[in-house]
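# Breakdown of the fold
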Amino acid sequence: MPHSPSSADQRNAAKAWFESLRDRICSAFEALEDSLQGTPLDLLDHPPAGRFERRAWQRDGANGPGSDGGGGVTSVMRGRVFEKVGVNVSTVYGEFSEAFRDQIPGAQKDPRFWASGISLVAHMQSPRIPAVHMNTRHIVTTHGWFGGGADLTPMAPDDADTATFHEALKDACDRFGPDRYPRFKEWCDRYFYLPHRKEPRGVGGIFYDQLSDDWDRDFAFTKAVGEAFLDAYPRIVRRHLSESWTLADREHQLVRRGRYVEFNLLHDRGTKFGLMTGGNTEAILMSMPPEVRWP
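Residue numbers run consecutively from 1 along every chain, following the written order of its sequence. Reporting in this predicted model follows two pLDDT cut-offs: at least 70 for local features of residues, and 80 or more for side-chain atom pairs to be given and counted; totals over whole chains, interfaces and linings ignore these cut-offs and use all residues. Side-chain numbers here rest on the full set of heavy atoms in the structure, without hydrogens or water.

This brings us to the packing of helix α2 (residues 159-174) against helix α4 (residues 215-240). Whenever a helix is involved, its axis is fitted only over the stretch in contact; in every case the axis is a line through C-alpha atoms, and angles between N-to-C directions fall within 0 to 180 degrees. Only runs of H or I of at least four residues qualify as helices and only runs of E of at least two qualify as strands under DSSP, and these elements are numbered from the N terminus. For the pair α2 and α4, interaxial distance at closest approach is 8 Å and the crossing angle is 160 degrees. With respect to α4, the axis of α2 lies roughly antiparallel. Regarding α2 and α4, the two cross each other, and that crossing is right-handed. On α4, the residues that touch A160, D161, T164, F165, A168, L169, A172 and C173 of α2 are F221, A224, V225, A228, F229, D231, A232, R235, I236, R239 and H240. Counted by class, the contact of α2 with α4 contains 13 nonpolar, two polar and four charged residues. Small angles under 35 degrees read as roughly parallel and large ones over 145 as roughly antiparallel, with 65 to 115 read as roughly perpendicular and the rest as oblique. With the far helix as reference, a near helix turned anticlockwise by less than a right angle produces a left-handed crossing, and one turned clockwise produces a right-handed crossing. Residue contacts are counted whenever heavy atoms from the two residues lie within 4.5 Å of one another. Each residue gets one label: Ala, Val, Leu, Ile, Met, Phe, Trp, Tyr, Cys and Pro are nonpolar, Asp, Glu, Lys and Arg are charged, and the others, such as Gly, are polar.

Here's what the structure looks like:
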């Protein structure tokens with residue numbers, strides 16, 4: 001059964017966690033930019049190390065100016081390791097539009113909501129380094145729940161990278177029960193699938209939603225997912241920093257990125273949620289790669 005709406009203190013704790021995780025991820029990614037010093041980049045003109053640029057935004061929601069509130073901060077970096085990475089945090093509240101409220105648990109009788117979360121997508125300069133997505137969130141209507149996950153999208157599968165990513169997530173899941181990793185892994189495989197192409201978006205990870213067993217335990221799990229991501233992904237990036245690549249590799253990377261665009265525009269529930277609740281369009285579409293190609 002869904003747990004009751006969280007208290008103000010619980011909501012503030014969730015919001016603070018998402019913001020602190022954002023700060024730690026940004027620092028780790030900037031350190032990766034710095035660590036590339038002296039490494040030849042075959043097809044780049046040795047740009048300087050990237051740094052995140054932050055922009056705050058305020059929200060007027062789907063029901064018109066003044067009816068809803070909140071906002072967020074977009075943090076975007078374009079560098080020599082990360083071609084484009086966004087780490088966004090938002091906290092919004094208000095009422096779901098009449099057309100949308102039937103799709104959200106607990107909003108049918110009372111359309112008011114509160115939502116906070118972190119969303120990250122990284123598209124890399126090197127085709128040898130996989131793209132990645134991670135988000136976690138807390139949503140409150142007349143119910144309250146956590147959701148999120150992380151998944152890895154290599155341009156060409158790498159068994160060591162896949163193992164590193166999944167092992168970190170499995171370790172996080174296993175601390176909360178032996179059934180969580182297989183259940184959330186299968187959910188991820190099902191969710192991040194392109195039915196029109198009959199292929200997965202990448203090599204998966206975990207995905208969960210409407211986690212509402214016990215607030216403290218659910219929040220602890222959500223934090224563990226964030227910690228697992230912060231542990232695993234920088235290790236994967238460092239593994240490939242010095243590897244060379246070719247124009248053919250780059251062409252393949254740009255085509256594979258097209259799959260990312262197709263999924264996010266056609267199937268991603270988070271994209272639809274943000275647009276239907278009057279979120280910041282630029283922040284919502286931050287997940288789009290900076291350059292992409294369809295053959």
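Here the narrative resumes, following the displayed structure.
What follows concerns the sheet that holds strand β6 (residues 144-153). By the convention used here, strands pair only if DSSP detects at least 2 bridges between them. Sheet architecture is open: seven strands sit in the order β1-β2-β3-β4-β5-β6-β9, paired in antiparallel fashion. Looking at strand neighbours, the two that pair on one side only are β1 (53-58) and β9 (204-211), the edges of this open sheet. Across this sheet, the average inter-strand angle for adjacent strands is 5 degrees, counted without regard to direction. Sheet topology note: the β6/β9 ladder contains six bridges and is antiparallel.

We now examine the environment of H267. You can see H267 is positioned in the loop between α5 (247-266) and α6 (269-276). Note on exposure labels: buried denotes an accessible area under 20% of the residue type's maximum, exposed denotes more than 50%, and partly exposed covers the range between, all computed with a 1.4 Å probe on protein chains only. Residue H267 is classed as partly exposed on the basis of its relative accessible area, which comes to 25%. For the pair H267 and L194, spaced 73 residues apart in sequence, the C-alpha to C-alpha distance is 8.0 Å. In this view, H267 contacts Y191, Y193, P195, H196, E262 and K272; residues no more than four positions away in its chain are not counted.

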